[in-house]
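Each chain, letter by letter, is given below.
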Amino acid sequence: EAQVTQNPRYLITVTGKKLTVTCSQNMNHEYMSWYRQDPGLGLRQIYYSMNVEVTDKGDVPEGYKVSRKEKRNFPLILESPSPNQTSLYFCASGTGQGTYEQYFGPGTRLTVT
Amino acid sequence: GENVEQHPSTLSVQEGDSAVIKCTYSDSASNYFPWYKQELGKGPQLIIDIRSNVGEKKDQRIAVTLNKTAKHFSLHITETQPEDSAVYFCAACSQGGSEKLVFGKGTKLTVNP
């Protein structure tokens, strides 16, 4: 089944404790992206990657890091999480190359206390 | 940058009625307009999209129209069913490398049996 998977689905952590949210897709997509979803603010892009080893900032990149060492994986890293990063996070992938269609994972609900 | 406005924020209809959700965008360079359906606890699911060289697209009970001159596009759902109840998001994507989707803030659709 073609899908985007994320792990963990739920995470409660404390301020300053580094964490990684994994994202993997099995559709051989070149494009991958991370979004966060907050009430009243909708979905906003954090980082994106056009291909392996190519990443760039989205609209809200502060406090996040990403890497794209393999085509299928695009982990989101929070080096020192803060309470304002409490949110619902979605990974998405797409074929890229100007097609623009993106398919989303099931989401990761993160709470930072 | 691109800005997408979506209305209404909530919409309640009777089963069998039609539902219309409207979005406006600001960047005339945007050329791809997807609609996503998000059910509770799930990631956004692409349900239909339209590109700037097309004025209307239909897929069974759902249709999308695009007016490039006025910079607005709409989602039409006919013969609504209770399973259509969800949050619907419109988005716009500009040409260029990032393929970033800029989302509206969503419409919560409730279809009453």
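Preceding block: the structure.
Criteria and cut-off values
- Residues numbered from 1 in each chain as written.
- Chains lettered and ligands numbered in written order.
- Predicted model: local features only at pLDDT ≥ 70, side-chain atom pairs only at ≥ 80, totals over all residues.
- Heavy atoms only, no water.
- Helix = DSSP H or I, 4+ residues; strand = E, 2+ residues; numbered from the N terminus.
- Rg over C-alpha atoms; globule rule 2.2 N^0.38 Å.
- Buried < 20%, exposed > 50% of the residue type's maximum accessible area, 1.4 Å probe, protein only.
- Contact = heavy atoms within 4.5 Å.
- Areas by Shrake-Rupley, 256 points an atom, 1.4 Å probe, with all protein chains shown as cover.
- Pairing = 2+ DSSP bridges.
- Axes fitted to C-alpha atoms, helices over the stretch in contact; angles between N-to-C directions.
- Buried area = accessible area lost by both parts, 1.4 Å probe.
- Salt bridge = Lys/Arg side-chain N within 4 Å of Asp/Glu carboxyl O.
- Polar contact = N/O pair within 3.5 Å; in protein donor to acceptor, adjacent residues only side chain to side chain.
- Nonpolar A, V, L, I, M, F, W, Y, C, P; charged D, E, K, R; others polar.
- Disulfide = S-S within 2.5 Å.
- Phe/Tyr/Trp six-rings, centres within 6.5 Å; stacked < 30°, edge-to-face > 60°.

Along chain A, the regular secondary structure elements total zero helices and 11 strands. Shown N-terminal to C-terminal, the secondary structure of chain A runs as helices and strands in the order β-β-β-β-β-β-β-β-β-β-β. Its C-alpha atoms give chain A a radius of gyration of 13 Å, within 12% of the compact-globule value 13 Å for 113 residues. Considered along the principal axes of its C-alpha atoms, chain A spans approximately 40 × 30 × 25 Å. A total of 113 residues make up chain A; the buried ones form 50% of that total. Counting only contacts in chain A whose residues sit at least 6 apart along the sequence, the fraction spanning at least 24 positions is 53%. Surface accessibility of chain A: about 5,300 Å² in total, with carbon and sulfur atoms responsible for 51%.

Residues and elements named next belong to chain B. Spatially, the five strands line up as an open sheet ordered β1-β3-β8-β7-β6, and their pairing is antiparallel. Each of the sheet's edge strands pairs with one partner strand only, and the pair in question is β1 (4-7) and β6 (56-59). Across the sheet, the mean angle separating the axes of adjacent strands is 15° when strand polarity is ignored.

Chain B puts 23 residues into the contact, and the matching count from chain A is 23 residues. Of all residues in chain B, Glu99, Lys100 and Phe103 of chain B bury the most surface against chain A, accounting for 30% of the area lost on that side. Our count for the contact surface shared by chain B and chain A stands at two salt bridges. The salt bridge partner of Lys100 of chain B is Asp59 of chain A, with a shortest N-O separation of 2.7 Å. Between chain B and chain A we count four residue pairs in polar contact (both at pLDDT 80 or more) in total. Looking at the side of chain B that touches chain A, the elements with two or more residues in it are β4 (30-38), β5 (45-51), β9 (86-94) and β10 (101-103) of chain B. Tallying contributions element by element places β4 of chain B first for the side of chain B that touches chain A, with four residues. Within the side of chain B that touches chain A, the residues separate by chemical class into eight nonpolar, nine polar and six charged.

Residues and elements named next belong to chain A. Strand order across the open sheet formed by four strands is β1-β3-β8-β7, with antiparallel pairing between neighbours. Every interior strand has two partners, whereas the edge strands, β1 (4-7) and β7 (65-66), have only one. The pairing of strand β3 (residues 19-25) with strand β8 (residues 76-78) spans three bridges and is classified as antiparallel. In the strand pairing of β8, Val21 is matched with Leu76.

Cysteine pairs can be linked by a disulfide, which is a covalent bond between their two sulfur atoms. Within this structure, the stated rule accounts for two disulfides over all chains. Covalently, Cys23 of chain A is tied to Cys91 of chain A through a disulfide, its sulfur atoms 1.8 Å apart. Sign of the S-S torsion, about -70° for the bond between Cys23 of chain A and Cys91 of chain A, identifies this disulfide as left-handed. With Cys23 of chain A in strand β3 and Cys91 of chain A in strand β9 (residues 87-94), the pair connects residues that are 68 residues apart, well separated along the chain. On the basis of relative accessible area, Cys91 of chain A is assigned to the buried category, the value being 0%. Note on cysteine connectivity: Cys23 of chain B is disulfide-linked to Cys90 of chain B, with sulfurs 1.9 Å apart. The disulfide joining Cys23 of chain B to Cys90 of chain B has a torsion of about -100° about its S-S bond and is therefore left-handed. Here the residue Cys23 of chain B occupies a position in strand β3 (residues 19-25), and Cys90 of chain B occupies one in strand β9, the gap between them amounting to 67 residues.

Summed over all chains, the structure comprises 14 aromatic pairs over all chains. Considering the side-chain rings of Tyr64 of chain A and Tyr89 of chain A, the 5.8 Å spacing of their centres and the 65° angle between planes classify their relative orientation as edge-to-face. Of this pair, Tyr64 of chain A sits in the loop between β6 (54-57) and β7 while Tyr89 of chain A is found in strand β9, placing the two residues 25 residues apart along the sequence. The pair Tyr64 of chain A / Tyr89 of chain A is uniform in exposure class, with both members buried. Aromatic rings pair up to connect Tyr35, Phe90 and Phe104 of chain A together with Tyr36, Phe89 and Phe103 of chain B into one cluster.

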